[in-house]
Amino acid sequence: MGGRNPPSIIAVDGPAASGKSTLGRRLADALGYLFFDTGVMYRAVTWIALERETDLGDEPAITRLAQTAQIDIRPPSKNDGRACDVVIDGRDLTWEVRGRKVDANVSVVSAYAGVRKALSEQQRRIGLRGKVVMVGRDIGTIVLPEADLKIYLDAQAQERARRRYDEILARGGHADFDEILEKVNERDRIDSTRAVAPLRPAPDAIILDSDHMNAEQVFEHVMELCR
Ligand code: CDP
């Protein structure tokens, strides 16, 4: 007799740089599921708006962008640390959407109701197919409230900033720790106080405080929950 099947829809939410993507990716690999990082879509819309010099305060214009943008998220084509390819209007912009300028503006864009509606409908459609690990801010609360397992991955801001700092250095980039900490705090503030789909744990989420856990321990812990 086999054990029970692992949960089919897994939602991972939490604040900036808490390790959601690292966890989500490893879980998806281990279970043979699709890994879907929803933050990439908000980042892509922000990147397009910046490139086209659309006024970020113009909600209707940004919403139209979100409704019409050709954002493709595909399996990784290169082995350079990416979890997926982000292709916008046919261009590979995987690392561009992780840039500083996008970081500084994405929370304004993602607070718009119309933007959220356009993107979360696509996310929900993909998630409902099952065998998926979906990562974001509102997956357990809004996008897939029926998820079989909901994880809310948290850590102190200092610790999260340190992880993001190490990640940038590991990629060969330059970073200023204090600036990262400030930006992480600012993004969390906007994400958790916005009117639509604010960052918060779903009532049935398992809250994981990862301050004193490394990526491996977090992964092992969640795999245990899946079994
Ligand atoms: O990787 P990191 O935690 O820094 O950020 P991300 O997951 O790529 O998300 C970037 C931004 O997109 C967040 O700060 C939110 O403003 C927004 N976001 C959101 O509103 N809802 C989601 N489901 C995912 C991201």
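Everything that follows concerns the structure shown earlier in this document.
What counts, and at which threshold
Counting from 1, residues in each chain are numbered in the order their sequence is written. Owing to the predicted nature of the model, reporting of local features is limited to residues with pLDDT of at least 70; listing and counting of side-chain atom pairs is limited to 80 or more, with chain, interface and lining totals taken over all residues. Each side-chain value is worked out from all heavy atoms of the structure, with water and hydrogens disregarded. The secondary structure listing takes helices from DSSP runs of H or I that are at least 4 residues long and strands from runs of E that are at least 2 residues long, numbered from the N terminus. Here a helix's expected span is defined as the number of its residues, less one, multiplied by 1.5 Å. The classification of residues rests on relative accessible area computed with a 1.4 Å probe and restricted to protein chains. Under 20% of the type maximum is buried, over 50% is exposed, and intermediate values are partly exposed. Should any heavy atoms of two residues lie within 4.5 Å, those residues are counted as being in contact. Here a polar contact is recorded for every N or O atom pair within 3.5 Å, except that within protein the pair must consist of a potential hydrogen donor and a potential acceptor, and residues adjacent in sequence are included only if both atoms are side-chain atoms. In this description, strands pair whenever DSSP reports at least two bridges between them. Here the positive residues are Lys and Arg and the negative ones are Asp and Glu; neither His nor the chain ends is included. Just to be clear on terms, a salt bridge is a Lys or Arg side-chain nitrogen sitting within 4 Å of an Asp or Glu carboxyl oxygen.

What about helix H7 (residues 157–170)?
Okay, so step 1: Taking 1.5 Å as the rise per residue, H7 with 14 residues should run 20 Å; its terminal C-alpha atoms sit 20 Å apart, in good agreement.
Okay, so step 2: Along H7, the residues classified as buried are Ala157, Glu159, Arg160, Ala161, Arg163, Arg164 and Ile168.
Okay, so step 3: Summarising the contacts, the buried residues of H7 are in contact with helix H2 (39–51), strand S7 (149–154) and helix H8 (177–193).
Okay, so step 4: Glycine 172 sits one or two residues past H7 and shows a positive phi near 85°.

Side note on helix H5 (residues 113–127)
Note: α-helices contain 3.6 residues per turn, so residues at a spacing of three or four share the same orientation.
Okay, so step 1: Counted at 1.5 Å a residue, the expected span for H5 with its 15 residues is 21 Å, and the 20 Å between its end C-alpha atoms agrees.
Okay, so step 2: Residues of H5 that are buried: Val115, Arg116, Ala118, Leu119, Ser120, Gln123, Ile126 and Gly127.

What about the environment of aspartate 55?
Okay, so step 1: Relative to the elements of secondary structure, aspartate 55 occurs in the loop between H2 and helix H3 (59–68).
Okay, so step 2: Judged by its relative accessible area of 53%, aspartate 55 is exposed.
Okay, so step 3: Note: C-alpha distance between aspartate 55 and serine 210 (155 residues apart in sequence) is 37 Å.
Okay, so step 4: Reaching out from aspartate 55, the side chain makes a polar contact with the backbone nitrogen of glycine 57 at a distance of 2.8 Å.

Regarding the pairing of S7
Okay, so step 1: Of all six residues that make up S7, five are buried, and the element is covered over most of its length.
Okay, so step 2: Across four bridges, strand S1 (residues 9–13) lies against S7 in parallel orientation. Across the sheet, the residue bridging to isoleucine 10 is leucine 149, located in S7.
Okay, so step 3: Sheet topology note: the S7/strand S8 (residues 206–209) ladder contains four bridges and is parallel. Following the sheet pairing, aspartate 154 is matched in S8 by aspartate 209.

Quick notes on the side chain of aspartate 13
Okay, so step 1: Tracing the backbone shows aspartate 13 in strand S1.
Okay, so step 2: Here aspartate 13 occupies a buried position and makes no salt bridge, while the nearest side chain of opposite charge, arginine 137, is found at 6.8 Å.
Okay, so step 3: There is a polar contact of 3.1 Å between the side chain of aspartate 13 and the backbone nitrogen of aspartate 138.
Okay, so step 4: Not counting residues within four places of it along the chain, the set of residues in contact with aspartate 13 comprises Lys20, Gly136, Arg137, Asp138, Ile139, Gly140, Ile151, Tyr152 and Leu153.

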